[in-house]
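# Geometric and topological summary
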Amino acid sequence: MAKPVTTFVCSACGATHKKWAGRCDACGEWNTIAEEAPLSQGPAGKGLGAAKGARVALSDLRTEEAAPPRHSSQMNELDRVLGGGLVPASATLVGGDPGIGKSTLLLQAAASFARAGLKVIYVSGEEATAQVRMRAQRLGLADSAVLLAAETNLRDILTTLEAEAPDLAIIDSVQTMWLDTVDSAPGSVSQVRAAAHELTTFAKRRGTAVMLVGHVTKEGQIAGPRVVEHMVDTVLYFEGERGHQFRILRSVKNRFGPADEIGVFEMTGAGLSEVANPSALFLSDREKPSPGSVVFAGIEGTRPVLVEVQALVAPSSLSQPRRAVVGWDGGRLSMILAVLEARAGITFQGLDVYLNIAGGMRINEPAADLAVAAALLSAREDAALPHDTVVFGELSLSGALRPVSQAENRLKEAMKLGFSTAIAPAGCKISQNSGVTVQSTEDLPRFVGEVFGAG
Ligand code: TYD
Ligand code: MG
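Here the structure is a predicted model, which means the values were calculated and not measured.

Further remarks concern the nonpolar core. F282, F296, W328, F348, L376, F392 and F447 are the most contacted members of the largest nonpolar core, which totals 63 residues. Broken down by element, the residue count for this core peaks at nine residues, all from helix α8 (residues 369–381). Aside from chain neighbours lying at most four places away, what touches F392 is F296, A297, A367, L370, V404, A407, R410, L411, I423, A424, P425 and C428. By size, the runner-up hydrophobic cluster in this structure holds 33 residues, among which are V81, L86, L141 and I170.

Below, the structure written as structure tokens:
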């Protein structure tokens, strides 16, 4: 029989390696690889499946199953990100940087679910119950029926949950939990995995919905939420820029609804408040027409969102000019700069380029390419786009503009917020009476000529 081999696991991305290394090949992080004890191989000698196990009941795809019932949290933004409400017996991971507001969000959600009649248990492994209570007072939730516990021993927690059988259990955070059957420190990859596994199987077995908090960590001292993403049904990330009050809850995986849906919150003195109309908020403090500022009509999940793309282009004193990006992908910026140079003959050599998505928003859509290109050009030429114009479209390496999905929804949102013109790729499906004048453009050189004049 093969001897169980020790593996080495990256605590940031969960990749396994045969031997230890200073840097993880999979994600590029340093000092995140740690030894993990081998899994038990089961009874020795026999392969599995040799009349040892019980037969599993099989059904076919035609079998009809009712849609899962859902509990509404009474918080629209949270419900939408969950795919329409909390599904019983589901396991949800809420990841995010420390201090971003995960505990605040979940405490508010817990109180909200409790108010709707659910039995909710909130287990904090990081704060004492008095601290949680203090926070609840600050949030005006002190009289809600949430049951609190401060505990990190998972055996005791699971015993309590078995006995109490709540509708929802919140574990804050999975990285503080430890199992006495696992021989490593709390926060290690083995402990975090084992804890998440125990809690998700408990959720399935007892029909309790479980929400786990997971800190995103850079240092690799404790395992990040990535190592448990595959175990849970739904993965939500709570994002936001420090210094901005906006927080975005994004579903990156959801077995019960669309992924990539976002919920927008604002951190106030009295906790998180929902933002029902994010476009208005992201554009609220827009100034007069200014060079380098372009409004992008984007889609986040099922919802259109308008955001401002800002660019600054300035002569550089460095031999290798600066390329700085906030809220967008740096590689994609390089690509757009290259396409502008190769296809439209506009070079950014010797120029520093800064790109920022206003309001602390993060955009992943390729449909923002054209808006970014427009912002870069506008900044470089020092010529502002008309104030009432939105831009969207994907740029291909050939310089052609590719149509993007849901053009109609983007236009509708733009009209709602008082924009009258849109610059879009020629191939987009747009009906005549969208209320917004659409300037269709086929490729980048033509776009440059039409919007900024031939030079
Ligand atoms: P917290 O929920 O503790 O973050 P996490 O659990 O993700 O680590 O949020 C902490 C931050 O939120 C802290 O910097 C203070 C701020 N905050 C407010 O601004 N208003 C509030 O009402 C609360 C409760 C917190
Ligand atoms: Mg917390």
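From this point, the narrative continues.
Inspection of the secondary structure assignment puts G257 in the loop between β10 (246–254) and β11 (262–268). Given a relative accessible area of 27%, G257 falls into the partly exposed group. Here the alpha-carbon distance between G257 and A128, two residues 129 residues apart in the chain, equals 34 Å.

Relative to strand β14 (residues 303–315), strand β13 (residues 293–300) is paired through eight bridges, and the arrangement is antiparallel. The residue of β14 that forms the bridge with V294 is V309. Two successive antiparallel strands, β13 and β14, enclose a turn made up of two residues, where G301 displays a positive phi of approximately 65 degrees. In terms of strand pairing, β14 meets strand β16 (residues 351–357) through seven bridges, oriented antiparallel. The partner of V313 across the bridge, within β16, is V353.

A complete count under the given rule lists zero disulfides for this structure. As a non-bridged cysteine, C10 has C13 as the owner of its nearest cysteine sulfur, 3.7 Å distant. C10 sits in the buried class, given a relative accessible area of 0%.

So, about empty space enclosed by the protein. On inspection of all chains with the given rule, the structure shows three cavities of 30 Å³ or more. Counted as a void, the largest cavity has a volume near 80 Å³. For the lining of the largest cavity, the leading source of residues is β13, giving three residues. In the lining of the largest cavity, the residues fall into five nonpolar, four polar and two charged. Of the pockets and cavities examined, the second largest cavity occupies roughly 40 Å³. Lining the second largest cavity, in full, are R70, L82, G85, L86, V87, S90, T92, T234 and F256. For the lining of the second largest cavity, the residue count by class is four nonpolar, four polar and one charged.

Parameters and conventions
- Residues numbered from 1 in each chain as written.
- Chains lettered and ligands numbered in written order.
- Predicted model: local features only at pLDDT ≥ 70, side-chain atom pairs only at ≥ 80, totals over all residues.
- Heavy atoms only, no water.
- Core = buried A, V, L, I, M, F, W, Y, C linked by side-chain atoms within 4.5 Å.
- Buried < 20%, exposed > 50% of the residue type's maximum accessible area, 1.4 Å probe, protein only.
- Helix = DSSP H or I, 4+ residues; strand = E, 2+ residues; numbered from the N terminus.
- Contact = heavy atoms within 4.5 Å.
- Pairing = 2+ DSSP bridges.
- Disulfide = S-S within 2.5 Å.
- 1 Å grid on protein atoms, 1.4 Å probe; cavity = no way out; pocket = protein on both sides within 12 Å on 5 of 7 lines; lining within 4 Å.
- Points joined across faces, edges and corners; volume = space filled by probe spheres on them.
- Nonpolar A, V, L, I, M, F, W, Y, C, P; charged D, E, K, R; others polar.

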